[in-house]
Amino acid sequence: MNKINRRDFIRLAVGTTLAGGTLGFPGLLLAASPKVVVVGGGVGGCTAAKYLRKLDPRIEVTLIETKNAYTSCFMSNEVLSGDRTLASITFDYEGLKRHGVKIVIDRVSAIDPVNRQVATEGGERFGYDACVVSPGVDFKWEAIEGYDVEVAEEIPHAWFAGPQTSLLRRQIESMPEGGTVAIVAPPDPFKCPPGPYERASQIAMYCKHHKPRAKILILDPKEAFSKQGLFRQGWTQLYGFGTDNSMIEWIGGAGGGKVESLDPSTRTLQAEVEAFKADVINIIPPQKAGKVAFTSDLVDGDWCPVNKMTFESSRHPNVYVLGDASNAAKMPKSAYAANTQAKVAAAAIIARFNGQDPGDPTFTNTCYSILGEEHGISVAAVYALDKGTNTIEPVKESGGLSPMDASPAQRKREVTYAHSWFQNLISDMMG
Ligand SMILES: Cc1cc2nc3c(=O)[nH]c(=O)nc-3n(C[C@H](O)[C@H](O)[C@H](O)COP(=O)(O)OP(=O)(O)OC[C@H]3O[C@@H](n4cnc5c(N)ncnc54)[C@H](O)[C@@H]3O)c2cc1C
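Residues numbered from 1 in each chain as written. Predicted model: local features only at pLDDT ≥ 70, side-chain atom pairs only at ≥ 80, totals over all residues. Heavy atoms only, no water.

J.: What am I meant to see in the sheet that holds strand β6 (residues 108–112) here?
T.: One key point about sheets: their strands pair by backbone hydrogen bonds, in either a parallel or an antiparallel sense. A sheet is described by the order of its strands in space; here three strands give the open sequence β6-β7-β8, paired in antiparallel fashion. Edge strands, defined here as strands with exactly one partner in the open sheet, are β6 and β8 (125–127). Neighbour-to-neighbour, the strand axes of the sheet open up by a mean angle of 20°, direction not taken into account. As paired strands, β6 and strand β7 (residues 117–120) are joined by four bridges and run antiparallel to one another. If you follow V108 over to β7, its bridge partner there is T120. (Pairing = 2+ DSSP bridges. Helix = DSSP H or I, 4+ residues; strand = E, 2+ residues; numbered from the N terminus. Axes fitted to C-alpha atoms, helices over the stretch in contact; angles between N-to-C directions.)

J.: Sorry, what's going on with the site of the ligand here?
T.: In the neighbourhood of the ligand, 35 residues make up the surrounding shell, with G44, E65, Y70, S134 and D324 lying closest. With respect to the ligand, the backbone of V43 contributes an N or O atom lying 3.3 Å from an oxygen atom. In the model, an oxygen atom of the ligand is placed 3.4 Å from a nitrogen or oxygen of the S334 main chain. Expressed as a share of its isolated accessible area of 1000 Å², the protein-covered part of the ligand is 95%. (Near = heavy atom within 4 Å. Polar contact = N/O pair within 3.5 Å; in protein donor to acceptor, adjacent residues only side chain to side chain. Areas by Shrake-Rupley, 256 points an atom, 1.4 Å probe, with all protein chains shown as cover.)

J.: Sorry if this is basic, but what is going on with the domain arrangement of the protein here?
T.: Interface size is commonly expressed as the accessible area that is lost once the parts come together. Annotation of the protein at the domain level lists domain 1 (33–138 + 288–360) and domain 2 (146–285). Using only C-alpha atoms to locate each centre, domain 1 and domain 2 end up separated by 31 Å. Taken together, the contacts link 18 residues of domain 1 with 21 residues of domain 2. A combined buried area of about 1600 Å² lies between domain 1 and domain 2, and 64% of that area is made up of carbon and sulfur atoms. Applying the counting criterion to the domain 1 and domain 2 interface returns zero salt bridges. Connecting domain 1 to domain 2 are six residue pairs in polar contact (both at pLDDT 80 or more). Of all the elements, helix α4 (residues 77–81) adds the most residues to the side of domain 1 that touches domain 2, at five residues. Of the residues contributing to the side of domain 1 that touches domain 2, the split by class is eight nonpolar, six polar and four charged. (Domains from an automatic or database assignment. Contact = heavy atoms within 4.5 Å. Buried area = accessible area lost by both parts, 1.4 Å probe. Salt bridge = Lys/Arg side-chain N within 4 Å of Asp/Glu carboxyl O. Nonpolar A, V, L, I, M, F, W, Y, C, P; charged D, E, K, R; others polar.)

J.: Hey, could you run me through the environment of G234 in this one?
T.: Tracing the backbone through its elements, the reader meets G234 in helix α8 (residues 228–239). The spacing of G234 and D405 is 171 residues in sequence and 9.4 Å in space, taken between C-alpha atoms. Setting aside residues up to four positions removed in sequence, G234 forms contacts with Y239, L371 and H375.

J.: Is there a simple way to think about the sheet that holds strand β12 (residues 215–219) in this case?
T.: If you walk across this open sheet you meet the four strands as β13-β12-β11-β17, and the pairing is parallel. Strands at the two margins of the open sheet, each flanked by one partner only, are β13 (248–251) and β17 (280–283). Within this sheet the neighbouring strands show an average axis-to-axis angle of 15°, counted without direction. Across four bridges, the pairing between β12 and β13 is parallel. Bridge pairing in β13 links L219 to I251.

J.: Please explain the side chain of K222 as it appears in this structure.
T.: Within the fold, K222 resides in the loop between β12 and α8. Classification of K222 as buried rests on a relative accessible area of 8%. Of note is the side chain of K222, whose polar atom sits 2.5 Å from the backbone oxygen of P186. Residues in contact with K222, not counting those within four places in the same chain, are A185, P186, P187, D188, F190, Y197, W250, G252 and G253. (Buried < 20%, exposed > 50% of the residue type's maximum accessible area, 1.4 Å probe, protein only.)

J.: Before we go on, may I ask you to explain the pattern of salt bridges in this structure?
T.: Where charged atoms from two side chains of opposite charge approach closely, those side chains can pair. Counted by the stated rule, this structure contains 15 salt bridges. For the salt bridge of R58 with D56, the shortest nitrogen-to-oxygen distance reads 2.8 Å. Overall, the relative accessible area of 24% leaves R58 in the partly exposed class. For E374, the salt bridge is made with K412, and the minimal N-O distance between the two is 3.8 Å. Highlighted residues: E374 in the loop between β23 (362–372) and β24 (375–386) and K412 in helix α11 (residues 408–430), separated in sequence by 38 residues. Taking relative accessible area as the criterion, K412 reaches 44% and is therefore assigned partly exposed.

J.: Sorry if this is basic, but what is going on with the environment of G146 here?
T.: With respect to the secondary-structure elements, G146 resides in the loop between β10 (137–139) and α6 (163–174). Here G146 falls in the partly exposed class, since its relative accessible area comes to 34%. Sequence-wise, G146 and S261 are 115 residues apart; in three dimensions their C-alpha atoms are separated by 5.8 Å. Setting aside anything within four residues of it in sequence, one finds G146 in contact with V151, L262 and P264.

Structure representation (structure tokens):
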């Protein structure tokens, strides 16, 4: 007699139960609840956990996260201008609990894809039928000589919203009038491609009122950056960009903007051509997938390769890697991208439990940047999978950039849209 394995059993059980439990073992079938373990309670992890439960409440979902509240990086640049507090971007996991998600506060040390187990630093082990991994990014600390975890306590990256965001804000507030803030932008790919430039804008927004002779210098290894035309136009209108008195200056790769080292004692950055001294320094280091992706053998190079139809890891079956940690080219590493990928993965996991093929995925992304109190810009796209190349391509004629030379009323509306996008995303992922 053929023995059925566990996966076949789950497929049979869930599929049959959904179909009305006609096999004649209703008690046994109803007792079968597949287990999904979610690693990381950020955008990708929360959205996947919530939507798995919404799509099939019999699935046991356990989300493991290091912190008992999530502080969103999106909108954290507004903390730097003083427009919002960290508390206004910090959210607990009570909403997910109401959806029946079990929350465990611990750090995952590694995933064992062979025995389908997740191990935590707290010494616990969780078995799974499917594992969703959305740990975000980690830094390549070795990339800029003189900059490391300890130095970052004084010279913040503030690229994970939290105490470092507050520290950077305090440093900007106590900077003397006429002082310089230097922002070191990372090379592609990195989390939130417009983020460093929105950050410069938000700092300028504060300085315009409180330190009008301040300078914000962006040192960048890249030749170009996201929404560049719109940023330059906004900076020209708001901060005198391109004039001798511009509050914001951008030095790109061709101008020697790549920073090689930092001397923390003199607050001096050595770039390719020149050295720059600044009163406040914000270094955003080059990035790679979060550490647990490396300890769990999910990476190829810096990022996690996935089948973009489902976001299942190309390296290990039944493990789904989402959000910033995944190689989801050509989608950007953004909150909206992680949210939409999580829904695709949740639907694919349910399809697998039911012995069905996943549907063809469609993805969306919208990203707002706020340059001034009444000046917002955005980029939006709908994406579809090119199965031949396993690439997620923008659908022609979909989305696009907000228009150049938009009216003041339109720019003001984009700020309102940005804030409502934020509320909607938080509510969708964990409300
Ligand atoms: C300044 C800034 C502004 C941004 N603005 C925007 C914006 O306007 N729009 C937009 O769409 N995106 C924006 N982003 C990008 C957005 O924040 C990320 O793309 C998004 O958070 C990615 O989601 P994620 O699930 O991949 O990772 P995250 O949201 O970073 O979540 C990862 C979670 O995993 C947890 N974790 C990591 N390792 C472990 C482990 N071993 N065990 C347990 N838990 C673990 C972490 O604690 C964290 O909570 C911004 C980013 C920054 C830095």
